[in-house]
Amino acid sequence: MTNVDLRHDDLVELVGKSLSIEECVDRITFMGAGPEGVQGDVMTFDVFPNRPDLYSVEGIARGLRGFLDLEVGLPVFHLESSGLELVVDYSVADVGAFAVRGIARCIELAFGMFRFT
């Protein structure tokens, strides 16, 4: 089992809905994480190995948005041609039959308390 600590304010901001600490603990428990306790505004959960998507506050927030019917279904991403060309030399055909590449622009990556844009 993996223990995950969540600050209530961070979780509520990412979920986009005001929830009390008690409501958060209750809902997250139904999502597959065992409550370990609350100290101040920090909630600790024991996340089961079959739920690695709940190993971060962002993952738990995403799960809560679905659980609360705030955001359901697959995310939709805007895709467009980059105008760039991917050239693969035929000499590597025996190594792998396929080559794929992508470019991601204007994204926000969040890691715990830090945000990178």
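In this text the structure is predicted, and so the values were computed from the model without any measurement. (Residues numbered from 1 in each chain as written. Predicted model: local features only at pLDDT ≥ 70, side-chain atom pairs only at ≥ 80, totals over all residues. Heavy atoms only, no water.)

A word on the pairing of strand S2 (residues 33–39). Two strands pair when backbone bridges link them, and S2 and strand S3 (residues 42–47) are joined in this way by six bridges, in the antiparallel orientation. Looking at the pairing, Pro-35 lines up with Phe-45 of S3. Counted along the chain from S2 to the antiparallel partner S3, the turn is two residues long, and its residue Gly-40 has a positive phi close to 65°. (Pairing = 2+ DSSP bridges. Helix = DSSP H or I, 4+ residues; strand = E, 2+ residues; numbered from the N terminus.)

The subject of this paragraph is the pairing of S3. Within S3, five of the six residues are buried, leaving the element largely enclosed by the surrounding structure. Inspection of the sheet shows strand S1 (residues 2–7) paired to S3 by six bridges, in the antiparallel sense. Bridge pairing in S3 places Asn-3 opposite Asp-46. (Buried < 20%, exposed > 50% of the residue type's maximum accessible area, 1.4 Å probe, protein only.)

Time to look at helix H2 (residues 21–30). Of all the residues in H2, the buried ones are Ile-21, Cys-24, Val-25 and Ile-28. All buried residues of H2 fall inside an arc of 95° around its axis, so they share one side. The exposed set on the far side of H2, more than 90 degrees from its buried face, consists of Glu-22 and Phe-30. The inward-facing, buried residues of H2 contact S1, helix H1 (8–15), S2, S3 and helix H3 (57–67). (Arc of directions from axis to C-beta. Contact = heavy atoms within 4.5 Å.)

Mapped onto the fold, Pro-35 is located in strand S2. With 35 residues separating them along the chain, Pro-35 and Leu-70 place their C-alpha atoms 23 Å apart. Once residues lying within four places of it in the same chain are set aside, the contact partners of Pro-35 are Val-25, Thr-29, Thr-44 and Phe-45.

Tallied over the full model, the rule gives six salt bridges. For Asp-9, the salt bridge is made with Arg-7, and the minimal N-O distance between the two is 3.9 Å. Under the relative-accessibility criterion, Asp-9 is labelled partly exposed at 44%. The class of Arg-7 is partly exposed, set by a relative accessible area of 31%. Its salt-bridge partner being Glu-71, residue Arg-65 comes within 3.5 Å of it at the nearest N-O pair. It is possible to trace a salt-bridge network through shared partners that takes in Arg-7, Asp-9, Asp-10 and Asp-41. (Salt bridge = Lys/Arg side-chain N within 4 Å of Asp/Glu carboxyl O.)

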